[in-house]
Amino acid sequence: MRKQALIEKLVRNQITPAELEELIPLIDRTDFRIIIKRIFDLNENEDINESGADEGLLGWLNKVGRRKKNRKFKKQLRKPDFRVNKKVIVAEGDSWFEYPLFIKDILDWIIKKTNYPVYSLAYGGDWIANILYEAQYIEELTLYQPEVFLISGGGNDLVGGGRLAKMVNKRSLVDVTLTPTDQQLLGELQNRCGYTEVQARRIVVGFKFLNKDFHALINLFRILYSLLFRNIELSGKFNDMMIVTQGYDFPIPSNNKSIGKPLRWAFGNGRWLYHPLIMKGITDGEEQRSVVAAMIFEFNEMLIATGRKFQRVYHIDSRGLLKDEEWADELHARSRAFERIADRYIACIQGMPPQKAQFVNEQIKSFQ
């Protein structure tokens, strides 16, 4: 009965941090399915994991791209010095690790710029809920015993299938006037976190639009990642393996499908961010950017706060790294921008982990 009461609090976004910690070890696969359906108001017969990552054109492109990456890994695997002065990497995740063919993604750059064997399980369009629910990475971790496990996921859970519209309030219900508390938070983001005034203001204003379903999803991510880290730790098989997470940069909602931007046209630019926000009456471009900035900020802070509880978990913080012109579409960087993010991964893997953000999720909530 206690578990069910805590699940109910989680879904209603009424759960305390202490209660969330109490719930995490009690959750099983059946509970997870129920929670997902409740948060996203899915019908009983709807599949919680319909990411489309392995279907149609996207599925074919994913398979081609992943096969190309893994072909080099298998070639390296056959050499006697496979592990000599190298760190074996297994990567699981979404399109920041597997952008089909047309853009050099993060893994492409890591493979190109190092001699590390990299085995990819990533699929563009995949959901972290799907990845962790199905535990698709377990076999490869056990088989290859990597020194590094990279995981990128959560973006599609937030915005796939128009979900973004379920996690924001209508524009008519939101007052964007900054209160004294908002001004205090604005100062904290600038002075302690190093954000520009524009970036900080977007985050503060964006928080005003986020509803209980968004915060419930963030808590679900906290459970998912905690279970992932804990299960790996408790297995006792990967005591020398570092786990590296990442939480994206601040994207730009856009409906641009010009003929000069064929990727934006081919992959339906606008359906992830722009149209769901328009649906809620959020038509101002700056307010649109504010909503997604707050989401990405909170997602990163959740990963940082969760990872701090485990010994060998590191986080790549890309917030504010990309310039506006370096976005290929609403969700993905251009190749050279992905290279800069990959450089952060390489530095972390080689023993120079990036400085972790000081301004954590719990502090943010104290201002709300």
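Coordinates for the structure precede this section.
Procedures and definitions
Numbers given for residues are sequential positions, taken from 1 along each chain in its written order. This being a predicted model, a pLDDT of at least 70 is required before a residue's local features are given, and a value of 80 or more before pairs of side-chain atoms are given or counted; all residues contribute to the totals for chains, interfaces and linings. Each side-chain value is worked out from all heavy atoms of the structure, with water and hydrogens disregarded. Working definition: helices are DSSP H or I runs of at least four residues, strands are E runs of at least two. Numbering for both runs from the N terminus. For every residue, the accessible area obtained with a 1.4 Å probe (protein chains only) is divided by the maximum for its type, and the residue is called buried under 20%, exposed over 50%, and partly exposed between those limits. Nitrogen and oxygen atoms within 3.5 Å of one another constitute a polar contact, given that in protein one can donate a hydrogen and the other can accept it, and given that sequence-neighbouring residues count only through two side-chain atoms. Contact between two residues is taken to exist if any of their heavy atoms lie within 4.5 Å; hydrogens are not considered. Only protein atoms enter the 1 Å grid, on which a cavity is a set of points fitting a 1.4 Å probe that cannot get out and a pocket is an open set with protein on both sides within 12 Å along at least 5 of 7 lines, lining residues being those with an atom within 4 Å of a point. Grid points are joined across faces, edges and corners, and a volume is the space filled by probe spheres set on the points. When residues are sorted by character, Ala, Val, Leu, Ile, Met, Phe, Trp, Tyr, Cys and Pro go into the nonpolar class, Asp, Glu, Lys and Arg into the charged class, and all the rest, Gly among them, into the polar class. In this analysis an axis means a line fitted to C-alpha atoms, helices contributing only their contacting stretch, and an angle means the value between N-to-C directions, from 0 to 180 degrees. Each angle is binned into one of four classes, with values under 35 degrees roughly parallel, values over 145 roughly antiparallel, values of 65 to 115 roughly perpendicular, and all other values oblique. The sense of a crossing depends on the near helix, which, turned anticlockwise from the far helix by less than a right angle, makes the crossing left-handed and, turned clockwise, makes it right-handed.

Student: Hey, could you run me through the side chain of aspartate 31 in this one?
Tutor: By the element assignment, aspartate 31 lies in helix H3 (residues 29-39). For aspartate 31, a relative accessible area of 5% corresponds to the buried category. Here lysine 3 takes part through its side chain, which lies 2.8 Å from a polar atom of the side chain of aspartate 31. Non-local contacts of aspartate 31, meaning those with residues more than four positions away in its chain, are made with Lys3, Gln4, Ile7 and Leu26.

Student: In this structure, what is going on with the side chain of glutamate 92? I would like to understand it.
Tutor: With respect to the helices and strands, glutamate 92 occurs in strand S1 (residues 89-93). Here glutamate 92 falls in the buried class, since its relative accessible area comes to 0%. Setting aside residues no more than four positions away along its own chain, glutamate 92 makes contact with Phe97, Leu121, Ala122, Ile131, Gln136, Tyr137, Phe149, Leu150, Ile151 and Ser152.

Student: Help me understand empty space enclosed by the protein, please; the structure alone is not making it clear to me.
Tutor: Rolled over the atoms, a probe with the dimensions of a water molecule shows which regions are left empty. A full pass over the atoms with the stated rule returns one cavity of 30 Å³ or more. Considering only enclosed or pocket space, the largest cavity measures out at about 190 Å³ in volume. The wall of the largest cavity is formed by 17 residues, among which Gly155, Val159, Tyr248, Ile296 and Leu331 lie closest to the centre. Those elements that provide at least two residues to the lining of the largest cavity are helix H8 (155-159) and helix H14 (285-307). When grouped by side-chain class, the residues that make up the lining of the largest cavity number eleven nonpolar, four polar and two charged.

Student: Just to check I follow, could you spell out the packing of helix H1 (residues 2-11) against H3 for this structure?
Tutor: The description of two helices packed together rests on the angle between their axes and the distance between the axes. In the contact formed by H1 and H3, the axes pass within 10 Å of each other and the chain directions differ by 30°. On the basis of their axis angle, the class for H1 and H3 is roughly parallel. Taken as a pair, H1 and H3 cross one another with a handedness that is right-handed. Here H1 contributes Lys3, Gln4, Ile7, Glu8, Leu10 and Val11 to the contact with H3, which in turn contributes Asp31, Ile35 and Arg38. Taken together, the residues of the contact of H1 with H3 break down into four nonpolar, one polar and four charged.

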